[in-house]
Amino acid sequence: MTEPPFTIPLDEAHIATGFRGGKPSLDFYFAKHALPNHRERVGVTYVLPRDADDPNDLPLVLGFYTLSMAQLQSALAAPLVQAKLPRYRSAGLLSRSRHRAGCWSNTGIRPL
């Protein structure tokens, strides 16, 4: 039985692969902002590297995701929910992207 794929923390070598997931805004984020943000712990980025069993024509980085914290205003929630929430609510953000042949979709940044 094959083990499931595992993500690993981002490092300089991953940026050098020239990863492209097909969504320009996420590709730009990965190339220019992911590593500095990761180092400063603004957002922590993980990559899905190509496995030794994967075809060599796949890129070295198949996808990535970044986790960061955010704050939401209760006023932006549906009126039915607003009364049950504090004025400001902590939230996590997940941004993900993948190579076209990979298993993730380009979703941009959305609240969890």
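Structure's up top.
It should be emphasised that the depicted structure is a prediction, and the values quoted were computed from it without experimental measurement. (Residues numbered from 1 in each chain as written. Predicted model: local features only at pLDDT ≥ 70, side-chain atom pairs only at ≥ 80, totals over all residues. Heavy atoms only, no water.)

Participant: Could you clarify how one ought to interpret the pattern of salt bridges in this entry?
Facilitator: When charged atoms on two side chains of opposite charge get close, those side chains can pair. Counting across every chain of the model gives one salt bridge. One salt bridge connects R39 with E12, and the closest N-O pair in it is separated by 2.3 Å. Of the two residues, R39 is situated in helix 2 (residues 24-40) and E12 in helix 1 (residues 12-15); the sequence distance between them amounts to 27 residues. Residue classification places E12 among the partly exposed residues on the basis of a relative accessible area of 46%. (Salt bridge = Lys/Arg side-chain N within 4 Å of Asp/Glu carboxyl O. Helix = DSSP H or I, 4+ residues; strand = E, 2+ residues; numbered from the N terminus. Buried < 20%, exposed > 50% of the residue type's maximum accessible area, 1.4 Å probe, protein only.)

Participant: Whenever I open this one, the environment of G18 confuses me. Can you help?
Facilitator: Its location among the elements puts G18 in the loop between helix 1 and helix 2. Separated by 13 residues in the primary sequence, G18 and A31 place their C-alpha atoms 7.3 Å from one another.

Participant: Explain the nonpolar core to me, please; I cannot follow it from the model alone.
Facilitator: One recurring pattern in soluble globular proteins: nonpolar side chains tend to sit buried together. Counting ten residues, the largest nonpolar core is built from L10, F19, L26, Y29, F30, A34, L35, V47, V61 and F64. Listed by contribution, the elements that provide at least two residues to this core are helix 2 and strand 3 (61-73). The element contributing the most residues to this core is helix 2, with five residues. (Core = buried A, V, L, I, M, F, W, Y, C linked by side-chain atoms within 4.5 Å.)

Participant: Please explain unusual backbone geometry as it appears in this structure.
Facilitator: Among all residues except glycine, the phi angle is most often negative; among peptide bonds, the trans geometry is most common. A positive phi is found at R41, a non-glycine position, where the angle reads about 65°. By the element assignment, R41 lies in the loop between helix 2 and strand 2 (43-49).

Participant: Can you walk me through the packing of aromatic side chains in this structure?
Facilitator: By convention here, two paired aromatic rings are described through the distance between centres and the angle between planes. One pass over the full model with this rule turns up five aromatic pairs. Here F19 and F30 contribute two aromatic rings whose centre-to-centre distance is 5.3 Å and whose plane-to-plane angle is 65°, an arrangement assigned as edge-to-face. Here F19, found in the loop between helix 1 and helix 2, pairs with F30, found in helix 2; they are eleven residues apart in sequence, far enough to count as distant. Summarising the burial analysis for this pair, F19 and F30 share the class buried. A connected cluster of aromatic rings, assembled from ring pairs, spans F19, Y29, F30 and F64. (Phe/Tyr/Trp six-rings, centres within 6.5 Å; stacked < 30°, edge-to-face > 60°.)

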